[in-house]
Amino acid sequence: MRYCIVILLLALVLVSAGCTTTQQPVATPEPTMTIPPTPTPEPTVTRPLAGMDPIIGSWENGLIFGADGYVNGDKNITWKANDMEKYSYFVTVESRAVKNLEAGTAADPYAYAKEWIYNPYSDSIHRRGSNEGVRRVLDGSVTPSMGK
């Protein structure tokens, strides 16, 4: 009888071990985080003062247009508004005649000009025929150069 009880208990354990629930465990959904899109900030545009030419100021290419009509403070580089077209400016570089009396040579004077266009919507300038714009420098730290 002892064996009969052991066999009965063993059979009961085997039967109950095979009895499992038929339901699958319910997986709890992981919480999803929705990240709102970060809008791209609009560039800060510093508008020129009323009554001033908008080209006056410092630019990323190193040009500094002064209110006195000179570029980078150089008396040989001047700028002038184009009367024929709005937001158009001529930058003229001039050299004087140079004579070397000892060597008997002379260098003729020359002048050349480039036209710069101001874009009021982006507060930038570019040379006529080029789409490469140059932005205004707000902190005044520029390296003077004639640009490209």
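Scroll up to find the structure this text is about.
What comes next concerns the included structure. It should be emphasised that the depicted structure is a prediction, and the values quoted were computed from it without experimental measurement.

For the rest of this paragraph, the subject is a nonpolar patch on the surface. A grouping of Ile-5, Leu-9 and Leu-12 is seen on the molecular surface, where their side chains present a nonpolar patch of about 310 Å² in accessible area. Along the chain, Ile-5 turns up in helix 1 (residues 2–18). Relative accessible area serves as the criterion here: at 49%, Ile-5 is assigned to the partly exposed category.

Among all residues except glycine, the phi angle is most often negative; among peptide bonds, the trans geometry is most common. Phi is positive for Asn-72, which is not a glycine, with a value near 60 degrees. In this structure, Asn-72 sits in the loop between strand 3 (70–71) and strand 4 (74–81). For Asn-72, a relative accessible area of 29% corresponds to the partly exposed category. In this model, Asp-123 sits at a positive phi of 50 degrees, which is unusual for a non-glycine residue.

In this section: the pattern of salt bridges. Tallied over the entire structure, the rule returns 3 salt bridges. For Arg-128, the salt bridge is made with Glu-115, and the minimal N-O distance between the two is 2.7 Å. In this pair, Arg-128 is assigned in the loop between strand 9 (124–127) and strand 10 (134–135) and Glu-115 in strand 8 (residues 110–119), connecting sequence segments 13 residues apart. What makes Glu-115 buried here is its relative accessible area of 16%. The residue Arg-136 makes a salt bridge to Asp-123 at a minimum N-O spacing of 2.9 Å. Residue Arg-136 is located in the segment after strand 10, and its partner Asp-123 is located in the loop between strand 8 and strand 9; the two are separated by 13 residues in the primary sequence. With respect to class, Arg-136 is no different from Asp-123; both count as buried. Each of Glu-85, Glu-115 and Arg-128 takes part in salt bridges that share partners, so that together they form one network.

Calculation criteria
Residues numbered from 1 in each chain as written. Predicted model: local features only at pLDDT ≥ 70, side-chain atom pairs only at ≥ 80, totals over all residues. Heavy atoms only, no water. Patch = residues over 30% accessible without salt bridge, like charges linked within 9 Å, V, L, I, M, F, W, Y side chains within 5 Å. Areas by Shrake-Rupley, 256 points an atom, 1.4 Å probe, with all protein chains shown as cover. Salt bridge = Lys/Arg side-chain N within 4 Å of Asp/Glu carboxyl O. Helix = DSSP H or I, 4+ residues; strand = E, 2+ residues; numbered from the N terminus. Buried < 20%, exposed > 50% of the residue type's maximum accessible area, 1.4 Å probe, protein only.

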